[in-house]
Amino acid sequence: MAIATKEYRLEIEGKELVITNPDKPLWPKASVTKLIYLQYLIQMAPYILPYTTDRFLTVIRYPHGVEDKSFYQKNLPDYAPEWIPRAVDGSITYALLNDTATLIWMANQAVLEWHIAFHTYQEEWPTELVFDLDPSTPDFRDAIEASLYLKEILDELQLNSYPKTSGASGIQVYIPIQPGYAFEQTRKVGEFICNYLTQKYPKTLTIERLTKNRGTKLYLDYLQHWRGKTLPAPYTTRAKELATVSAPLSWSEIESVHPSDFTIHTMPERVKQKGDLFLPLQQQENRSTLDHILDILS
């Protein structure tokens, strides 16, 4: 299919952006062109940016859409506009996704996935403790079941928790925590909880890192929560054929949802109806202490 090479100019937050190939199909099977994608991001920016601001950003670019080749990008390209906020960590100059103009400029570069660090560039400590639940089968019910097992122990430990779909096959569970805990401390808590769950549910859960050794068991990944590692930002897209997004959930609905329910086409209306279900992560009163758990483990 021939793709028009037309372009147009767009002003966002006082920045003039040149949008190229707006009719390019990025998610062909979901009928999502670049223009539709940009419209989604502009509409959802108020929900995305609170979770990406001041965090090291790693992106995955798909120059010809999800059905073609991709590449990871950590370093902000030399040709990026000077107005894009950035932060240096070692040899890498990361973009900081702090504003809508940066979001749209990068999306025009065919960034289809947005992965963020667990801490801000100003601080070394994580803002949440996060568990990544990764099924070994296509059955999403495995992830639902595991998330409910996890919630049960988190409730017993008096830890507030908030789930979201990964946008792919799994569920990620976030526990907003008080500032100042080192990653070594959160790793100790995560390992303790996951070991407990695998001992309680040995037939369905595992902490085995090698995929080939998991069988059909769901992988409880507490190792991903570490400095330098990332997870998809809430409300951002994944490079899956249905144009799914990483969607915050309520615990009351988790048994009746599927990742395919949450797409570029459906998410704007969902947030109109339900608001930002991850908003508690931004509120100080919801941040849990880990002291009582660390005292037991010390």
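Residues numbered from 1 in each chain as written. Predicted model: local features only at pLDDT ≥ 70, side-chain atom pairs only at ≥ 80, totals over all residues. Heavy atoms only, no water.

Undergrad: Looking at this model, I keep getting lost on the packing of helix 1 (residues 34-52) against helix 5 (residues 267-274). Mind explaining?
TA: The geometry of helix 1 relative to helix 5 is characterised by a closest axis approach of 10 Å and an angle of 30° between their N-to-C directions. Taken together, the axes of helix 1 and helix 5 are roughly parallel relative to one another. In this structure, the crossing between helix 1 and helix 5 has a hand that is left-handed. Facing helix 1, whose interface residues are Y40, Q43, M44 and Y47, helix 5 presents M267, P268, V271 and K272. Per-class residue counts for the contact of helix 1 with helix 5 are six nonpolar, one polar and one charged. (Axes fitted to C-alpha atoms, helices over the stretch in contact; angles between N-to-C directions. Helix = DSSP H or I, 4+ residues; strand = E, 2+ residues; numbered from the N terminus. Parallel < 35°, antiparallel > 145°, perpendicular 65-115°, else oblique. Left-handed = near helix turned anticlockwise from the far one by under 90°. Contact = heavy atoms within 4.5 Å. Nonpolar A, V, L, I, M, F, W, Y, C, P; charged D, E, K, R; others polar.)

Undergrad: Mind showing me how you'd approach the sheet that holds strand 6 (residues 71-73) here?
TA: Strand order in the open sheet formed by four strands is 6-5-9-15, and the pairing between neighbours is antiparallel. Unpaired on one side and paired on the other, strand 6 and strand 15 (230-232) mark the two borders of the sheet. Neighbour-to-neighbour, the strand axes of the sheet open up by a mean angle of 30°, direction not taken into account. With three bridges joining them, strand 5 (residues 55-61) and strand 6 adopt antiparallel strand pairing. For V59, the partnering residue across the bridge sits in strand 6 and is Q73. Where helix 1 meets the sheet, its contacts fall on strand 5 and strand 9 (111-120), and the angle it forms with strand 9 comes to roughly 10°. Contacts between helix 2 (residues 100-108) and the sheet are confined to strand 5 and strand 9, with strand 9 contributing the most and set at about 135° to the helix. (Pairing = 2+ DSSP bridges.)

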